[in-house]
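# Summary of structural features
Residues per chain are reported as follows:
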Amino acid sequence: MSLLEAVVLGVIQGLTEFLPISSTAHLRIVPALLKLVDERNQWNDPGAAASAIIQLGTLVAVLWYFWRDVVNITMAALRGIRDREPFATVDSRLAWYGLIGTIPIVVCGLVFEEFIESQARSLWIITAALVGLAVILYWAERVATRHRTESDVTWVDAIVMGVAQALALIPGSSRSGTTITAGLFLGLRRDVAARLSFLLSIPALVSSGLYQLYEVRHELINHPQFGVSLLVASVTSLLSGYAAIAFLMRYLRTHTTYLFIWYRLVLGGVLIGLLWAGKIQ
């Protein structure tokens, strides 16, 4: 991975991690499209491990944007344990809900690791996920009541959103896309669903990023340039990720998710045409 490739992929990762359009899909699609334009292009799919490590940059972006919420939730959880009333406040409950909601993606990530890192990165699967979630998100927009806030969130909501987050292991589905969709079906306001989606992503990003960092530790030692490229990609994903979070939180206060639904459908249609014609693979 060259430094230019690291910068470009980092920007793509940061922007698409938090917008409901799938970062993994774009990290796979962009190199394929660049090769279509210029066959001499040497950019390749960075792979699941590199993608997870680059996501550590987006983790910092979430912590940066929501640092007050993270501090309040953490302190509330610690006070709850100290006072033996772990569910006394909304913030303390959110802390436990976040942990519960992380279990499905950790379990599924370990059980289906081989599939996720290989067959699941097929452009046909990615295309199907892009289109499929667009249809489901449209359905959620049509039936959602959007009247519930953080204070209304329950254990059931945490489990449902956790399972939805686990579905994001399928490239093309999108972590924010699946969890926001689940939040809408649960009757949450769009901006509340997005906020919970981002907070729920913190434990998942930490676990996947550090696990993959450990897995490639020998490669990082033996190939320092690879480590530098990953660092550059992570920093650029941090900056672009922060911008994406700020945009989406403002946008969803007054807008629907139809913009992202149409984007997914158009991109999926283009990919179907290119795959059917054998232009990309």
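Overview of the structure. Model, not experiment: these values are computed from the prediction. (Residues numbered from 1 in each chain as written. Predicted model: local features only at pLDDT ≥ 70, side-chain atom pairs only at ≥ 80, totals over all residues. Heavy atoms only, no water.)

Okay, the overall build of the chain next. Assigned secondary structure in the chain consists of 13 helices and zero strands. Of the regular secondary structure in the chain, the N- to C-terminal order runs α-α-α-α-α-α-α-α-α-α-α-α-α. What you see for the chain is a C-alpha radius of gyration of 19 Å, in line with the 19 Å of a compact globule of 281 residues. Considered along the principal axes of its C-alpha atoms, the chain spans approximately 60 × 45 × 35 Å. Looking at the chain as a whole, 51% of its 281 residues qualify as buried. (Helix = DSSP H or I, 4+ residues; strand = E, 2+ residues; numbered from the N terminus. Rg over C-alpha atoms; globule rule 2.2 N^0.38 Å. Buried < 20%, exposed > 50% of the residue type's maximum accessible area, 1.4 Å probe, protein only.)

The next thing to look at is the packing of helix H10 (residues 190-215) against helix H12 (residues 224-254). Relative to each other, H10 and H12 sit at 155°, their axes nearing to 7 Å. Comparing the axis directions of H10 and H12 gives the class roughly antiparallel. Of H12, the residues touching H10 (which contributes Arg190, Asp191, Ala194, Arg195 and Phe198) are Ile245, Leu248, Met249, Leu252 and Arg253. Among the residues making up the contact of H10 with H12, the classes are represented as six nonpolar, no polar and four charged. (Axes fitted to C-alpha atoms, helices over the stretch in contact; angles between N-to-C directions. Parallel < 35°, antiparallel > 145°, perpendicular 65-115°, else oblique. Contact = heavy atoms within 4.5 Å. Nonpolar A, V, L, I, M, F, W, Y, C, P; charged D, E, K, R; others polar.)

This part is about helix H4 (residues 67-82). Between the first and last C-alpha of H4 there are 22 Å, a value that for 16 residues agrees with the 22 Å anticipated at 1.5 Å per step. Listed as buried for H4 are Asp69, Ile73, Ala76, Ala77 and Gly80. For H4, the arc enclosing every buried residue in end-on projection is 100°, short of the 170-degree limit, so these residues lie on one face. Set apart from the buried face of H4 by more than 90 degrees, the exposed residues are Arg68 and Arg82. Packing partners of the buried residues in H4 comprise helix H5 (90-111) and H10. Two residues or fewer past H4, Arg84 is found with a positive phi of approximately 60°. (Expected span 1.5 Å × (residues − 1). Arc of directions from axis to C-beta.)

What follows concerns the packing of H5 against helix H8 (residues 155-167). Remark: H5 packs on H8, axes separated minimally by 8 Å, with the N-to-C direction vectors making an angle of 30°. Between H5 and H8, the angle is such that the two are roughly parallel. Crossing of H5 over H8 shows right-handed handedness. Here Trp96, Tyr97, Ile100, Gly101, Thr102, Pro104, Ile105 and Cys108 of H5 lie close against H8, whose contacting residues are Trp155, Ala158, Ile159, Gly162, Val163, Gln165 and Ala166. (Left-handed = near helix turned anticlockwise from the far one by under 90°.)

What follows covers the side chain of His26. Residue placement: His26 occurs in helix H2 (residues 23-37). Looking at His26, its side chain comes within polar contact range of the main-chain oxygen of Ser22, at 2.7 Å. Here His26 is in contact with Ile12, Thr16, Ile21, Pro31, Tyr263 and Leu267, once residues within four sequence places are set aside. (Polar contact = N/O pair within 3.5 Å; in protein donor to acceptor, adjacent residues only side chain to side chain.)

Moving on, we come to the pattern of salt bridges. Using the criterion set out here, one finds eight salt bridges in the structure. As a salt-bridge pair, Asp191 and Arg189 come within 3.0 Å of each other at their nearest N and O atoms. Here Arg189 falls in the partly exposed class, since its relative accessible area comes to 33%. Beyond isolated ion pairs, a larger network of salt bridges with shared partners links Asp69, Glu150 and Arg195. (Salt bridge = Lys/Arg side-chain N within 4 Å of Asp/Glu carboxyl O.)

As a further point, take the side chain of Ser176. Here Ser176 is to be found in helix H9 (residues 175-185). The exposure class assigned to Ser176 is buried, which follows from its relative accessible area of 1%. At 3.3 Å, the side chain of Ser176 forms a polar contact with the side chain of Ser174. Excluding residues within four positions of it along the chain, Ser176 makes contact with Glu17, Phe18, Leu19, Pro20, Ser197 and Phe198.

On to the environment of Ser208. Positionally, Ser208 belongs in helix H10. Spatially, the C-alpha atoms of Ser208 and Gly109 are 8.3 Å apart, while their sequence positions differ by 99 residues.

Counted under the stated rule, the structure contains 13 aromatic pairs. With a centroid separation of 5.8 Å and 40° between ring planes, the pair formed by Tyr138 and Tyr258 is classed as tilted. On the criterion of sequence distance, the pair formed by Tyr138 in helix H7 (residues 123-143) and Tyr258 in helix H13 (residues 258-276) is long-range, its members being 120 residues apart. With a relative accessible area of 27%, Tyr258 lands in the partly exposed category. Pairwise contacts between aromatic rings join Phe18, Trp64, Tyr65, Phe66, Phe198 and Tyr242 into one cluster. (Phe/Tyr/Trp six-rings, centres within 6.5 Å; stacked < 30°, edge-to-face > 60°.)

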